[in-house]
Amino acid sequence: MLRHAALMCLLLIPGLAQDQPVVPGPAPAPTLTQDQIRDLIRQVAEKDMENDKRQHDYTYIERVEEHKLNGKGEVQSSETRTREVMVVYGEQIERLIDKNDKPLSEKDAAKEEERVQKIIDKRKNESDEQRAKRLKQEEKDREETRQFVAEVADAYNFRLVGTEGLDGRDAYVIDADPRPGFEPHVKGAQYLPKFRFRVWIDKAESQWVKLDAQAIDTVSFGLFLARIHKGSRIMIETTRVNDEVWLPSHVAVKVDARLALLKSLNVEQDVTYRDYKKFRTDTKIVPVGVVQEQK
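These remarks concern the structure in this document. (Residues numbered from 1 in each chain as written. Predicted model: local features only at pLDDT ≥ 70, side-chain atom pairs only at ≥ 80, totals over all residues. Heavy atoms only, no water.)

Concerning helix 3 (residues 106-124)
Given a rise of 1.5 Å per residue, 19 residues ought to cover 27 Å, and the 26 Å separating the end C-alpha atoms of helix 3 matches this to within 8%. Taken together, the buried positions of helix 3 are Glu112, Val116, Ile120 and Arg123. The arc that holds every buried residue of helix 3, seen down its axis, measures 75 degrees, which confines them to one face. In helix 3, the exposed positions angled more than 90 degrees off the buried face are occupied by Glu106, Lys107, Lys111, Lys118 and Lys122. (Helix = DSSP H or I, 4+ residues; strand = E, 2+ residues; numbered from the N terminus. Expected span 1.5 Å × (residues − 1). Buried < 20%, exposed > 50% of the residue type's maximum accessible area, 1.4 Å probe, protein only. Arc of directions from axis to C-beta.)

As structure tokens, then:
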């Protein structure tokens, strides 16, 4: 899922290359000290982890528009995929419902239903031991993520740029640049100095609303696994849902990378999220690409 993607995506799928994030000029705001901003960033990180957990209580629709580019940055091919994200035995699973904004063919729809049903049957027949093992691994993953996001407050020097209105709400606008001398302590944090970002934080709820980040150096994963080029950028936007949680609404990326030092990957993606609905125990999954509620 995309909740802690706010920071993890900096490492995995950065996008559109520019020298600085391009945003409207925010209004001046009272100065916050480095310590005050770091405390705010830590609050935001903790709340984002809670949002990530609460997202598993929601079903929604995810639409991914992807453009493959050539070496000149021209679009060679395009494709869209729309998926329904459902909650099954406490776990989110995806079901493809549209390709290129058209319903799946009868054959493809049947294959997708068969795939989803296998996942449902697996969870339905899961033993207590298997479930305990799976939940233990999920908790381990959450704890690793929690440790990673905690490093962010220490990895950067922050500057309050001002305030800006987003969707009728006031937000702090904060720039973050790598802090010289930062020493990572958890897995993945060694990549943080390769990125800088601008973040919009809702003043009333201390929730991040928007993130605009870019790579300021080439990032290599493993000796020959992947290399993300300097200048890559990603933008993530969230929205307040059901007056209780902030969830992703839009993600825009452009991947410019080289895989295994051989294959170039130059792809633009635009992802939108809609129709968030809180999952109910009386929800019934039906084979027509929608989630219905029993009467």
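That was the structure; now back to the text.
Structural notes on the pattern of salt bridges
Per the counting criterion, the structure on display carries 27 salt bridges. Here Glu65 makes a salt bridge to Arg63, at a shortest N to O gap of 3.3 Å. Looking at Glu65, the relative accessible area reads 24%, which means it is partly exposed. For Arg63, a relative accessible area of 22% gives the class partly exposed. The partner of Arg95 in a salt bridge is Glu113, with the nearest N and O atoms 2.9 Å apart. Here the residue Arg95 occupies a position in strand 3 (residues 91-99), and Glu113 occupies one in helix 3, the gap between them amounting to 18 residues. Linked through salt bridges whose partners overlap, the residues forming this network are Glu91, Arg123, Glu126, Arg134 and Glu138. (Salt bridge = Lys/Arg side-chain N within 4 Å of Asp/Glu carboxyl O.)

Things to note about the nonpolar core
By size, the foremost hydrophobic cluster in this structure holds 47 residues, and its most contacted members are Tyr156, Phe158, Ile174, Phe197 and Ile201. Aside from chain neighbours lying at most four places away, what touches Phe197 is Val152, Tyr156, Phe158, Ile174, Asp175, Ala176, Leu211, Asp212 and Ala213. (Core = buried A, V, L, I, M, F, W, Y, C linked by side-chain atoms within 4.5 Å. Contact = heavy atoms within 4.5 Å.)

What about the packing of aromatic side chains?
Using the criterion set out here, one finds five aromatic pairs in the structure. Between Tyr156 and Phe158, the ring centres sit 6.3 Å apart and the planes meet at 50 degrees, which makes this aromatic pair tilted. The exposure class assigned to Tyr156 is buried, which follows from its relative accessible area of 0%. Grouped by ring-pair contacts, the aromatic residues Tyr58, Tyr60, Tyr273 and Tyr276 constitute a single cluster. (Phe/Tyr/Trp six-rings, centres within 6.5 Å; stacked < 30°, edge-to-face > 60°.)

Looking at the pairing of strand 3
Summarising the sheet, strand 2 (residues 75-88) and strand 3 pair through eight bridges and their orientation is antiparallel. The residue of strand 3 that forms the bridge with Arg83 is Leu96. Between strand 2 and strand 3, which pair antiparallel and follow one another directly, the connecting turn spans two residues, one of which, Tyr89, has a positive phi of 50 degrees. Hairpin connection, strand 3 to strand 4 (residues 102-103): the antiparallel pair is bridged by two residues, and Asn100 has positive phi, about 55 degrees. (Pairing = 2+ DSSP bridges.)

Things to note about helix 2 (residues 34-55)
Under the 1.5 Å per step criterion, the end-to-end length of helix 2 is 31 Å for 22 residues, consistent within 8% with the ideal 32 Å. By the burial criterion, the buried members of helix 2 are Ile37, Arg38, Leu40, Ile41, Val44, Ala45, Asp48, Met49, Asn51, Asp52 and Gln55.

Brief notes about unusual backbone geometry
Positive phi, close to 55 degrees, is recorded for Ser206, a residue that is not glycine. With respect to the helices, strands and loops of the structure, Ser206 is situated in the loop between strand 7 (195-202) and strand 8 (208-215). Positive phi outside glycine occurs at Asn242, with the angle close to 60 degrees. Here Asn242 lies in the loop between strand 11 (233-241) and strand 12 (245-259).

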